Amino acid sequence: MSDSVVKVKRKSLFAMIFMAYKNFSMSFRQQRRSFTSERELLLLAFTGTLILFMANLPVQIIRSSVVEEIDLHIYIGLIAFVSFFFIPLFLYIVSTILFFIFKVFKGSASFYELRLALFWSLNVAGPLLILNGLLKGFFFNFEWIGLMSLILNSFAAWIISSILATAQNYKSALPTFFVAVAFIMTPQFVPQILS
(Lines give C-alpha, C1' and ligand atoms only; values in the text may rest on other atoms or scores of the structure.)
Protein backbone atom coordinates (compact mmCIF):
# COMPACT_ATOMS: atom_id res chain seq x y z
CA MET A 1 0.00 0.00 0.00
CA SER A 2 1.49 3.34 -0.98
CA ASP A 3 2.17 6.15 1.49
CA SER A 4 -0.34 8.47 -0.19
CA VAL A 5 -3.19 5.99 0.39
CA VAL A 6 -2.21 5.56 4.03
CA LYS A 7 -2.13 9.36 4.48
CA VAL A 8 -5.57 9.72 2.90
CA LYS A 9 -7.06 7.09 5.24
CA ARG A 10 -5.65 8.83 8.32
CA LYS A 11 -7.17 12.22 7.49
CA SER A 12 -10.57 13.15 8.78
CA LEU A 13 -13.53 13.36 6.44
CA PHE A 14 -13.69 17.14 6.89
CA ALA A 15 -10.03 17.56 5.97
CA MET A 16 -10.47 15.38 2.88
CA ILE A 17 -13.53 17.38 1.80
CA PHE A 18 -11.76 20.73 2.10
CA MET A 19 -8.63 19.38 0.41
CA ALA A 20 -10.82 18.21 -2.49
CA TYR A 21 -11.39 21.85 -3.45
CA LYS A 22 -7.81 21.97 -4.75
CA ASN A 23 -8.56 19.38 -7.43
CA PHE A 24 -11.92 17.60 -7.62
CA SER A 25 -10.73 14.93 -10.06
CA MET A 26 -7.69 14.09 -7.97
CA SER A 27 -9.79 13.87 -4.82
CA PHE A 28 -12.00 11.25 -6.46
CA ARG A 29 -8.96 9.24 -7.57
CA GLN A 30 -7.68 9.28 -3.99
CA GLN A 31 -11.05 8.13 -2.69
CA ARG A 32 -11.16 5.36 -5.29
CA ARG A 33 -7.82 4.08 -4.01
CA SER A 34 -8.77 4.28 -0.33
CA PHE A 35 -12.45 3.20 -0.28
CA THR A 36 -12.78 -0.55 -0.60
CA SER A 37 -16.06 -1.68 0.91
CA GLU A 38 -19.78 -1.09 0.66
CA ARG A 39 -19.79 -0.13 4.34
CA GLU A 40 -17.58 2.88 3.56
CA LEU A 41 -19.89 3.86 0.70
CA LEU A 42 -22.87 3.64 3.03
CA LEU A 43 -21.09 5.98 5.44
CA LEU A 44 -20.65 8.48 2.60
CA ALA A 45 -24.33 8.09 1.71
CA PHE A 46 -25.33 8.87 5.31
CA THR A 47 -23.00 11.88 5.54
CA GLY A 48 -24.51 13.07 2.25
CA THR A 49 -27.95 12.60 3.79
CA LEU A 50 -26.89 14.64 6.81
CA ILE A 51 -25.65 17.39 4.48
CA LEU A 52 -28.95 17.47 2.58
CA PHE A 53 -30.89 17.51 5.86
CA MET A 54 -28.81 20.40 7.24
CA ALA A 55 -29.10 22.32 3.96
CA ASN A 56 -32.89 21.96 3.99
CA LEU A 57 -33.42 22.62 7.70
CA PRO A 58 -33.28 26.49 7.78
CA VAL A 59 -35.89 26.82 5.04
CA GLN A 60 -38.13 24.24 6.71
CA ILE A 61 -37.91 26.09 10.04
CA ILE A 62 -38.98 29.33 8.32
CA ARG A 63 -41.84 27.56 6.54
CA SER A 64 -43.06 25.94 9.76
CA SER A 65 -43.08 29.34 11.52
CA VAL A 66 -45.49 30.65 8.87
CA VAL A 67 -48.01 27.87 9.54
CA GLU A 68 -49.17 28.22 13.14
CA GLU A 69 -50.77 24.78 13.54
CA ILE A 70 -47.44 22.95 13.14
CA ASP A 71 -45.36 22.14 16.22
CA LEU A 72 -41.76 22.89 15.24
CA HIS A 73 -40.26 19.95 17.16
CA ILE A 74 -42.61 17.41 15.60
CA TYR A 75 -42.12 18.90 12.14
CA ILE A 76 -38.30 18.79 12.37
CA GLY A 77 -38.50 15.27 13.80
CA LEU A 78 -40.60 14.13 10.84
CA ILE A 79 -38.19 15.70 8.37
CA ALA A 80 -35.26 14.03 10.12
CA PHE A 81 -37.04 10.64 10.10
CA VAL A 82 -37.86 10.90 6.40
CA SER A 83 -34.37 12.16 5.56
CA PHE A 84 -32.37 9.49 7.34
CA PHE A 85 -34.55 6.57 6.28
CA PHE A 86 -35.38 7.48 2.69
CA ILE A 87 -32.65 9.75 1.29
CA PRO A 88 -29.93 7.04 1.40
CA LEU A 89 -32.28 4.75 -0.53
CA PHE A 90 -33.04 7.61 -2.92
CA LEU A 91 -29.29 8.18 -3.46
CA TYR A 92 -28.83 4.51 -4.34
CA ILE A 93 -31.75 4.72 -6.80
CA VAL A 94 -30.30 7.87 -8.38
CA SER A 95 -26.90 6.21 -8.71
CA THR A 96 -28.53 3.22 -10.44
CA ILE A 97 -30.30 5.49 -12.92
CA LEU A 98 -27.11 7.46 -13.53
CA PHE A 99 -25.18 4.23 -14.06
CA PHE A 100 -27.45 3.22 -16.94
CA ILE A 101 -27.53 6.73 -18.40
CA PHE A 102 -23.74 6.95 -18.38
CA LYS A 103 -23.50 3.48 -19.95
CA VAL A 104 -25.57 4.79 -22.88
CA PHE A 105 -22.98 7.57 -23.27
CA LYS A 106 -20.06 5.12 -23.09
CA GLY A 107 -19.14 5.70 -19.48
CA SER A 108 -16.53 3.32 -18.15
CA ALA A 109 -17.16 3.44 -14.40
CA SER A 110 -18.34 0.36 -12.57
CA PHE A 111 -21.49 0.62 -10.48
CA TYR A 112 -19.34 0.78 -7.34
CA GLU A 113 -17.21 3.60 -8.80
CA LEU A 114 -20.28 5.54 -9.85
CA ARG A 115 -21.81 5.27 -6.38
CA LEU A 116 -18.51 6.37 -4.86
CA ALA A 117 -18.31 9.33 -7.26
CA LEU A 118 -21.88 10.42 -6.56
CA PHE A 119 -21.67 10.06 -2.78
CA TRP A 120 -18.20 11.62 -2.58
CA SER A 121 -19.18 14.55 -4.81
CA LEU A 122 -22.23 15.19 -2.64
CA ASN A 123 -19.97 15.31 0.43
CA VAL A 124 -17.51 17.64 -1.33
CA ALA A 125 -20.34 19.93 -2.43
CA GLY A 126 -21.72 19.82 1.13
CA PRO A 127 -20.27 23.10 2.41
CA LEU A 128 -21.82 24.96 -0.52
CA LEU A 129 -25.18 23.23 -0.10
CA ILE A 130 -25.26 24.01 3.62
CA LEU A 131 -24.23 27.63 3.00
CA ASN A 132 -26.99 27.91 0.41
CA GLY A 133 -29.51 26.50 2.89
CA LEU A 134 -28.42 28.92 5.61
CA LEU A 135 -28.65 31.90 3.27
CA LYS A 136 -32.09 30.83 2.04
CA GLY A 137 -33.24 30.46 5.65
CA PHE A 138 -31.85 33.71 7.00
CA PHE A 139 -32.69 35.84 3.95
CA PHE A 140 -35.95 34.11 3.06
CA ASN A 141 -37.80 37.18 1.75
CA PHE A 142 -34.91 38.93 -0.01
CA GLU A 143 -35.05 39.18 -3.80
CA TRP A 144 -31.36 38.49 -4.39
CA ILE A 145 -31.45 35.11 -2.63
CA GLY A 146 -32.72 33.37 -5.78
CA LEU A 147 -29.69 34.50 -7.76
CA MET A 148 -27.29 33.63 -4.92
CA SER A 149 -28.89 30.19 -4.64
CA LEU A 150 -28.51 29.65 -8.38
CA ILE A 151 -24.81 30.57 -8.21
CA LEU A 152 -24.09 28.29 -5.24
CA ASN A 153 -26.08 25.41 -6.73
CA SER A 154 -24.29 25.83 -10.06
CA PHE A 155 -20.92 25.59 -8.34
CA ALA A 156 -22.14 22.48 -6.49
CA ALA A 157 -23.28 21.08 -9.86
CA TRP A 158 -19.78 21.72 -11.23
CA ILE A 159 -18.24 19.75 -8.36
CA ILE A 160 -20.64 16.83 -8.81
CA SER A 161 -20.38 16.75 -12.60
CA SER A 162 -16.58 17.00 -12.66
CA ILE A 163 -16.24 14.10 -10.19
CA LEU A 164 -18.79 12.03 -12.10
CA ALA A 165 -17.00 12.81 -15.40
CA THR A 166 -13.69 11.74 -13.84
CA ALA A 167 -15.24 8.45 -12.74
CA GLN A 168 -16.50 7.86 -16.29
CA ASN A 169 -13.11 8.83 -17.84
CA TYR A 170 -14.73 11.57 -19.90
CA LYS A 171 -12.40 14.16 -21.38
CA SER A 172 -14.66 17.05 -20.35
CA ALA A 173 -17.15 17.59 -17.56
CA LEU A 174 -18.99 20.32 -19.47
CA PRO A 175 -21.80 18.19 -21.00
CA THR A 176 -22.57 16.67 -17.60
CA PHE A 177 -22.40 20.13 -16.02
CA PHE A 178 -24.84 21.65 -18.54
CA VAL A 179 -27.35 18.85 -17.90
CA ALA A 180 -26.97 19.35 -14.12
CA VAL A 181 -27.51 23.12 -14.44
CA ALA A 182 -30.60 22.50 -16.57
CA PHE A 183 -32.02 20.35 -13.75
CA ILE A 184 -31.21 23.10 -11.24
CA MET A 185 -32.80 25.86 -13.30
CA THR A 186 -35.95 23.95 -14.30
CA PRO A 187 -37.85 24.40 -10.98
CA GLN A 188 -37.14 28.13 -11.07
CA PHE A 189 -38.30 28.79 -14.63
CA VAL A 190 -41.10 26.29 -15.23
CA PRO A 191 -43.58 28.00 -12.83
CA GLN A 192 -42.86 31.35 -14.52
CA ILE A 193 -43.46 29.88 -17.96
CA LEU A 194 -46.72 28.20 -16.90
CA SER A 195 -48.14 31.32 -15.26
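Let's shift gears to the overall build of the protein. In terms of regular secondary structure, the protein is built from nine helices and zero strands. In the protein, the succession of helices and strands from N to C terminus is α-α-α-α-α-α-α-α-α. Burial analysis of the protein (195 residues in total) assigns 41% to the buried set.

Attention shifts here to the environment of E113. Along the chain, E113 falls in helix α6 (residues 111-124). When the C-alpha positions of E113 and Q31 are compared, they lie 9.8 Å apart, and in sequence the two are 82 residues distant. Residues within four places of E113 in sequence aside, it is in contact with F28, R32, S108 and A167. There is a polar contact of 2.9 Å between the side chain of E113 and the backbone nitrogen of S110.

Once that is clear, we can look at the nonpolar core. If you look at the biggest cluster of nonpolar residues, it comprises 38 residues, and the most contacted ones within it are F119, W120, V124, L129, I159, I163 and L164. Residue assignment for this core shows that the elements contributing at least two residues are α2 (13-19), α3 (24-34), α4 (38-66), α5 (72-104), α6, α7 (126-138) and α8 (145-167). The element that contributes the greatest number of residues to this core is α6, accounting for eight residues.

So, on to α4. Look at α4: 42 Å from first C-alpha to last across 29 residues, which is about the 42 Å you get at 1.5 Å a residue. Along its length, α4 reaches its greatest deviation from straightness, about 35°, at L57, and the proline P58 lies no more than four positions downstream.

To continue, consider a nonpolar patch on the surface. On the surface, a cluster of nonpolar side chains totalling about 1000 Å² of accessible area is made up of F81, V82, F85, F86, L89, I93, I97, I101, V104 and F105. By secondary structure assignment, the location of I97 is in helix α5.

Here we come to the side chain of N123. By the secondary structure assignment, N123 is in helix α6. Residues in contact with N123, not counting those within four places in the same chain, are L13, I17, L44, T47, G48 and I51.

On to the packing of aromatic side chains, then. Counted by the stated rule, this structure contains 13 aromatic pairs. Aromatic side chains W158 and F177 sit 5.3 Å apart centroid to centroid with 85° between the ring planes, which places their arrangement in the edge-to-face category. In this pair, W158 sits in helix α8 while F177 sits in helix α9 (residues 174-194), placing the two residues 19 residues apart along the sequence. By relative accessible area, which is 29% here, W158 ends up partly exposed. In this structure F177 comes out as buried when scored by relative accessible area, which is 17%. Aromatic side chains F177 and F178 sit 5.8 Å apart centroid to centroid with 50° between the ring planes, which places their arrangement in the tilted category. Here a set of aromatic residues connected by ring pairs shows up, and it is made of Y21, F24 and F155. Of note, R115 hangs over the ring of F111, and the distance from its end group to the ring centre comes to 4.4 Å.

Residues at a pLDDT of 70 or more form 89% of the protein, whose mean pLDDT is 85. Within the protein, no element has a lower average pLDDT than helix α1 (residues 3-10), which sits at 45, and none a higher one than α6, at 95. Note on residues 1-10: pLDDT is under 50 here. Beyond four places in sequence and across chains, it has 10 contacts.

What follows concerns the pattern of salt bridges. Scanning all chains against the criterion turns up two salt bridges. R32 is paired through a salt bridge with E113; the nearest N and O atoms lie 3.8 Å apart. Here R32 is found in helix α3, whereas its partner E113 is found in helix α6, with 81 residues between them in sequence. On the basis of relative accessible area, R32 is assigned to the partly exposed category, the value being 30%.

How each quantity is defined
- Residues numbered from 1 in each chain as written.
- Predicted model: local features only at pLDDT ≥ 70, side-chain atom pairs only at ≥ 80, totals over all residues.
- Heavy atoms only, no water.
- Helix = DSSP H or I, 4+ residues; strand = E, 2+ residues; numbered from the N terminus.
- Buried < 20%, exposed > 50% of the residue type's maximum accessible area, 1.4 Å probe, protein only.
- Contact = heavy atoms within 4.5 Å.
- Polar contact = N/O pair within 3.5 Å; in protein donor to acceptor, adjacent residues only side chain to side chain.
- Core = buried A, V, L, I, M, F, W, Y, C linked by side-chain atoms within 4.5 Å.
- Expected span 1.5 Å × (residues − 1).
- Bend = angle between axes of the 7 residues up to and from the residue.
- Patch = residues over 30% accessible without salt bridge, like charges linked within 9 Å, V, L, I, M, F, W, Y side chains within 5 Å.
- Areas by Shrake-Rupley, 256 points an atom, 1.4 Å probe, with all protein chains shown as cover.
- Salt bridge = Lys/Arg side-chain N within 4 Å of Asp/Glu carboxyl O.
- Phe/Tyr/Trp six-rings, centres within 6.5 Å; stacked < 30°, edge-to-face > 60°.
- Lys NZ or Arg CZ within 6 Å of the ring centre and 35° of its normal.
- pLDDT = per-residue confidence, 0-100.

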